[in-house]
Amino acid sequence: MNLPVNTNFAEQVKAIPGAEKLMMCFSCGTCTSKCMIQEKLEPNYNPRRLIRETVFNFEETAFTDETTWLCTACDLCYPACPQKIHISAVITAVKQLAFEQGRQNPNQTAKVVEATCVACGLCESVCPYQAIKLVEKKVPFRGMITVASVDQGKCMACGMCTAACRSDSIRLNQDFNDNEILGSLWGWLESEAA
Ligand code: SF4
Ligand code: SF4
Ligand code: SF4
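I will try to describe carefully the structure that is included in this document. Computed from a predicted structure; not experimentally measured. Every chain's residues receive numbers from 1 upward, in the order its sequence appears when written. All chains are assigned letters beginning at A, and all ligands numbers beginning at 1, according to the order in which they are written. Side-chain atom pairs in this predicted model are given and counted only at pLDDT of 80 or more, local residue features only at pLDDT of at least 70, and totals for whole chains, interfaces and linings cover all residues.

1. Examining the overall build of the chain
- Secondary structure summary: the chain contains ten helices and four strands in total.
- Traced from its N-terminal end to its C-terminal end, the chain shows the element sequence α-α-α-α-α-α-α-β-α-β-β-α-β-α.
- Along the first, second and third principal axes, the C-alpha set of the chain runs to 50 × 45 × 30 Å.
- Within the chain, residue pairs in contact and separated by at least 24 positions form 65% of the contacts whose partners lie at least 6 positions apart. Where helices and strands are cited, they refer to DSSP runs of H or I of at least four residues and of E of at least two residues respectively, numbered from the N terminus. Here contacts are defined at the residue level, using C-beta atoms placed from the backbone and a cut-off of 7 Å between them.

2. Here's the deal with the pairing of strand β3 (residues 143-150)
- Where strand β2 (residues 132-139) and β3 come together, eight bridges link them in antiparallel fashion. Note on β3: the bridge partner recorded for Val-135 is Val-147.
- Pairing between strands requires that DSSP locate at least two bridges from one strand to the other. Where β2 folds back on β3, the antiparallel hairpin that results is connected by three residues, among which Phe-141 adopts a positive phi of roughly 70°.

3. Concerning unusual backbone geometry
- Of note in this structure, Ser-27 is not a glycine but carries a positive phi near 65°.
- Summarising the element assignment, Ser-27 is placed in the loop between α1 (9-14) and α2 (30-34).

4. Here's the deal with the nonpolar core
- Buried Ala, Val, Leu, Ile, Met, Phe, Trp, Tyr and Cys residues form a nonpolar core when they are connected through C-beta atoms within 7 Å. Exposed residues have 12 or fewer other C-beta atoms within 10 Å of their own C-beta, buried residues have 20 or more, and partly exposed residues fall in between, where C-beta atoms are placed from the backbone. Formed by 26 residues in total, the largest nonpolar core has its most connected members in Val-13, Leu-22, Val-90, Ala-93 and Val-94.
- Elements with a contribution of two residues or more to this core: α1, α4 (47-55), α5 (59-64) and α7 (87-100).
- Looking at this core element by element, the count peaks at eight residues for α7.
- Not counting residues up to four positions away in its chain, the partners in contact with Val-13 are Ala-19, Leu-22, Thr-54, Val-90, Ala-93, Val-94 and Leu-97.
- Judged by nonpolar contacts, the second largest core, of 17 residues, contains Cys-117, Ile-132, Cys-155 and Met-160.

5. Side note on the environment of Asn-107
- Relative to the helices and strands, Asn-107 is located in the loop between α7 and β1 (110-112).
- Remark: the alpha-carbon pair of Asn-107 and Cys-165, spanning 58 residues in sequence, is separated by 20 Å.
- Non-local contacts of Asn-107, meaning those with residues more than four positions away in its chain, are made with Trp-69, Met-156 and Ala-157.

6. Quick word on the site of ligand 1
- Nearness here has a simple definition: the residue's C-beta atom, placed using the backbone, must lie within 6 Å of the molecule or strand. Near ligand 1 lie 14 residues; those nearest to it are Cys-25, Cys-28, Thr-30, Cys-31 and Cys-81.
- For the shell around ligand 1, the secondary-structure elements that each account for two or more residues are α2 and α4.
- Residue classes follow a fixed rule: Ala, Val, Leu, Ile, Met, Phe, Trp, Tyr, Cys and Pro count as nonpolar, while Asp, Glu, Lys and Arg count as charged, and any other residue, Gly among them, counts as polar. Residue composition of the shell around ligand 1, grouped by class: nine nonpolar, four polar and one charged.

These values are about where atoms sit, not about what they do.
Spelled out as structure tokens, the structure:
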């Protein structure tokens, strides 16, 4: 099977600050072995594979790889890489190019209901991925106001903001109620303690 190739893809990724060392990867797999996402959440997750796809210009494959969309930029892998490649920066660069081409984050990322957001900042303070900022913008029927805004490139759809918001103004596409979110958090904490 011939995979679609953009012959400039690796160069485009490398040109984004942080991703300069892309071509130094010798595919040892240490990053994959250090990654909690791969170990705890998604066995198909594989930063080593994503770096190979990028080096060999398989743009479409990289854009549709789960690894592009599930990296939390925790940087557990970074100090372990013998080539000192900032892996999360490479992954973020791939994601940035995907957005520039009009791709959407396949995760069910949070959306703000601007008609009711009161800009209290609770969501911003609880978001573990710093994905929310309060911004000034023109909102239909409300004029120029401050509202919460979600960076789709950073949101990991954890649901903390939806649980925190008192005016139900930030939601996931696939909505969970507060008890379901707290239940899943407790489940995760218990599995960590076991
Ligand atoms: S640890 Fe570094 S050199 Fe090894 S596969 Fe990952 S990015 Fe490549
Ligand atoms: S930065 Fe991304 S690839 Fe590296 S360990 Fe964290 S989640 Fe995994
Ligand atoms: S769902 Fe989680 S990661 Fe996304 S904006 Fe809300 S708190 Fe942040």
